[in-house]
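Single-letter residue listing:
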Amino acid sequence: MTHEFKEIITSYYVAKQQGIPAVMATVVDVEGSSYRRPGVGMLILKNGKTIGAVSGGCVEKEVLRQAQSVFDTGEPKIMTYDGKYRLGCEGLLYILIETFEINTAGIESIQKHLESRIPFDIKSWYSKTDDRNTNMGSIVVFENSKTFFFSDPIDELSMNQHPDSECFFREMKPCFRLIIIGAEHDAVQLCTIASAMGWEVEVICSPKNPKYLEDFPGAQKVIPMGHEELSILNDDDQTAIILMTHNFAKDLLYLQAIKDVQVSYIGLLGPARRREKLLSAFIEYYPEVTDDFMETIHGPAGLNLGAETPQEIAVAIIAEILSVVRNQKPIPLQDKKGAIHDDPKRKNLKTINVKS
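It should be emphasised that the depicted structure is a prediction, and the values quoted were computed from it without experimental measurement.

**Overview of the environment of Phe248**
One can find Phe248 in helix α7 (residues 248-257). Given a relative accessible area of 25%, Phe248 falls into the partly exposed group. Separated by 29 residues in the primary sequence, Phe248 and Lys277 place their C-alpha atoms 9.3 Å from one another. Leave out the neighbours within four places in its chain, and Phe248 touches Arg274, Lys277 and Leu278.

**Let's talk about helix α8 (residues 272-285)**
Count 3.6 residues to each turn of an α-helix, and residues three or four apart come out pointing the same way. Here α8 contains 14 residues, and its C-alpha end-to-end distance of 20 Å stays within 8% of the 20 Å for a straight helix at 1.5 Å per residue. Within α8 the residues assigned to the buried category are Arg274, Leu278, Leu279, Ala281 and Phe282. Buried residues in α8, looked at end-on, bunch into an arc of 160 degrees, giving them a common side. Projecting away from the buried face of α8 at angles above 90 degrees are the exposed residues Arg273, Lys277 and Glu284. In this structure, the buried residues of α8 make contact with α7, β14 (265-268), α9 (291-295) and β15 (297-298).

**Regarding the nonpolar core**
In this structure, Leu178, Ile180, Leu190, Phe216, Ile242 and Ile321 are the most contacted members of the largest nonpolar core, which totals 26 residues. When contributions to this core are tallied by element, the ones reaching two or more residues are β10 (177-181), α6 (185-196), β11 (200-205), β13 (239-243) and α10 (310-325). It is α6 that contributes the most residues to this core, five residues altogether. The residues contacting Leu178, other than those within four sequence positions of it, are Leu190, Ala194, Trp199, Glu200, Val201, Glu202, Ala240, Ile242 and Ile321.

**Here's the deal with the side chain of Asp236**
Locating Asp236 in the fold gives a position in the loop between β12 (221-224) and β13. Reaching out from Asp236, the side chain makes a polar contact with the side chain of Arg117 at a distance of 3.1 Å. Setting aside anything within four residues of it in sequence, one finds Asp236 in contact with Arg117, Pro174, Gln262, Val263 and Ser264.

**Describing the side chain of Glu320**
On the secondary structure map, Glu320 appears in helix α10. For the buried Glu320, no salt bridge exists, and the shortest N-O distance to an oppositely charged side chain is 8.8 Å, to Arg275. One polar contact links the side chain of Glu320 to the main-chain amide nitrogen of Gly302, over a distance of 2.7 Å. The residues touching Glu320, leaving out its near neighbours within four places in the chain, are Tyr265, His298, Pro300, Ala301, Gly302 and Leu303.

Calculation notes
- Residues numbered from 1 in each chain as written.
- Predicted model: local features only at pLDDT ≥ 70, side-chain atom pairs only at ≥ 80, totals over all residues.
- Heavy atoms only, no water.
- Helix = DSSP H or I, 4+ residues; strand = E, 2+ residues; numbered from the N terminus.
- Buried < 20%, exposed > 50% of the residue type's maximum accessible area, 1.4 Å probe, protein only.
- Contact = heavy atoms within 4.5 Å.
- Expected span 1.5 Å × (residues − 1).
- Arc of directions from axis to C-beta.
- Core = buried A, V, L, I, M, F, W, Y, C linked by side-chain atoms within 4.5 Å.
- Polar contact = N/O pair within 3.5 Å; in protein donor to acceptor, adjacent residues only side chain to side chain.
- Lys, Arg positive; Asp, Glu negative; His and termini not counted.
- Salt bridge = Lys/Arg side-chain N within 4 Å of Asp/Glu carboxyl O.

Below is the structure:
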């Protein structure tokens, strides 16, 4: 969700400079089934343009209609959308609609945190039962407890004392990042598809055969860098690395260069026989390597989807990365027991009654 919020902030900054008013719609709770889970948002500009979405397209028209009163009065509201009678998906959505007027300092702070890959929080206060409660809204909270309001200041004490108030909290982790080490044709395909998903893609290429940003559609960076100077900055669990130089010796040297990184996934191209040979050589050089590092290595990279073309292989790799990062065992959804989505009240995404 962070990459969607990043796009919203970028678009809002442009609209703000043009003097175009904006309203933000955020799904703060869901009962039953829905296309998206709590935390997704949509920015609505006064000129009719929208950025982001709160569903698959079926709810957005009603959000636009309901947002007009927020444009007119400046007062936040809760929109309830019952999909059981309209869509047949049996989901009840609670959507907080509020003016969006983050000042320049707030925008710059958000952009700085996104660029530096520093998490931050967003808290949204709302009431499902009291539609006249105007003391609803959202705030952005940084690690130093500095806050910025989406619009008008919120009286948190008053909201906490209100018997029907609830607070929806989500941690905005860094945007997911894919680092591709290698610059052949298949790396271009992987970059293109990963960037279409909103991932931030960085490509490491050989300084002896440098490539450029225009060679990799959607990439954030293309860096000519040899293994001896390779340094992965801001490594975290929102980062995956793919080794795809198509050269055994180069892959081994780059693997040695990243032996101390802490990322969620490292993928190796090629058959299992090549992987075993590569890892054996790596361990011979670094017998003290940790089990945690070895467990992040996946090779051959990708799920068994019958992929043949570079584009299909890219899809298989991305699918495996998602399954690892989301801690999911890949199975057909028709074989999954229970809800499609995980419980929305997980650690970084939860709704709490402030009176409890």
